[in-house]
Amino acid sequence: MLPPDCGRSAPGHGHEAAFGIEMAGKERGAGGQHGRLAVAIAGEDSQAWVMRWLGRPPANSVRLGSSADIGRIQGFHGTEYDGASSYRWLRGQGQVQLTLSQPVTATDMLILRLNAGQDTAVPLTVRINNGPAYILEITGGAWRRYILPLPASAQGSTQLQIMLSAPTFVPALRNPNSDDLRFLSLMMSEVGVSGGNR
């Protein structure tokens, strides 16, 4: 089950690049994988690198910003916090990969906990397992849950690839008092599958 909603967002800063380098160092020490280390340090997105090489146990949901999201996400900024709740900003295009404990059934639904993080609504395109594209209007001001049906292409599978795409903005270009030069889309705190016996 997904936890209760939290309140309004509060900006912060997170750092995940060091994790990719740390993991690469372990690879080199354990098996002499110099090629993987070079790619990770040379600038390959650390989230993409970890997703490619780190196997994760089954999970029906994942909290973004927790250690559970490592190896399951790509295209997000570092962890930030809204009270006790962690989240990440989407960087325009990203993905979440879930390995479920049981195969998808016709009653299962995808649940996304999102906040636009700005005054205007943000259109988010979601595509699951190469199924049809869903377009959601994500509003700001509070965290909300958005529920989508899982496509026929996901039925019977334990693997979900959730592709995300949304327009970006740069806070410093909107607010002269901001020094945040990141490209941001919207905030995501959790993604999961609910239904059936889950």
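Bear in mind the structure is a predicted one, so any value in this text is a computation, not a measurement.

Quick notes on the confidence of the model for the protein
Stage number 1. Predicted confidence across the protein gives a mean pLDDT of 80, with 72% of residues reaching 70 or more.
Stage number 2. Predicted confidence for residues 1-44 stays below pLDDT 50, and this span has 72 contacts to residues more than four positions away or in other chains.

Some points on the nonpolar core
Soluble, globular proteins show a tendency: their nonpolar side chains are buried together.
Stage number 1. In this structure, V96, L110 and V126 are the most contacted members of the largest nonpolar core, which totals 31 residues.
Stage number 2. Looking at this core, the elements with two or more residues in it are β2 (73-76), β4 (85-99), β5 (109-115), β6 (122-128), β7 (133-138), β8 (144-149), β9 (159-165) and β10 (187-194).
Stage number 3. The element contributing the most residues to this core is β6, with four residues.
Stage number 4. Once residues lying within four places of it in the same chain are set aside, the contact partners of V126 are L110, L112, P132, A133, Y134, L136, L148, I162, M163 and L164.
Stage number 5. Y87, W89, F169 and M187 belong to the second largest nonpolar core, which has six residues in total.

Looking at the environment of D69
Stage number 1. Within the element layout of this structure, D69 appears in the loop between β1 (61-63) and β2.
Stage number 2. It is 9.5 Å that separates the C-alpha atoms of D69 and E190, two residues lying 121 residues apart in sequence.
Stage number 3. The contact partners of D69, leaving out residues within four places of it in the chain, are R56, V62, R63, L64 and R88.
Stage number 4. Engagement of the side chain of D69 in a polar contact is seen with the side chain of R88, the distance being 2.7 Å.

What counts, and at which threshold
Residues numbered from 1 in each chain as written. Predicted model: local features only at pLDDT ≥ 70, side-chain atom pairs only at ≥ 80, totals over all residues. Heavy atoms only, no water. pLDDT = per-residue confidence, 0-100. Contact = heavy atoms within 4.5 Å. Core = buried A, V, L, I, M, F, W, Y, C linked by side-chain atoms within 4.5 Å. Buried < 20%, exposed > 50% of the residue type's maximum accessible area, 1.4 Å probe, protein only. Helix = DSSP H or I, 4+ residues; strand = E, 2+ residues; numbered from the N terminus. Polar contact = N/O pair within 3.5 Å; in protein donor to acceptor, adjacent residues only side chain to side chain.

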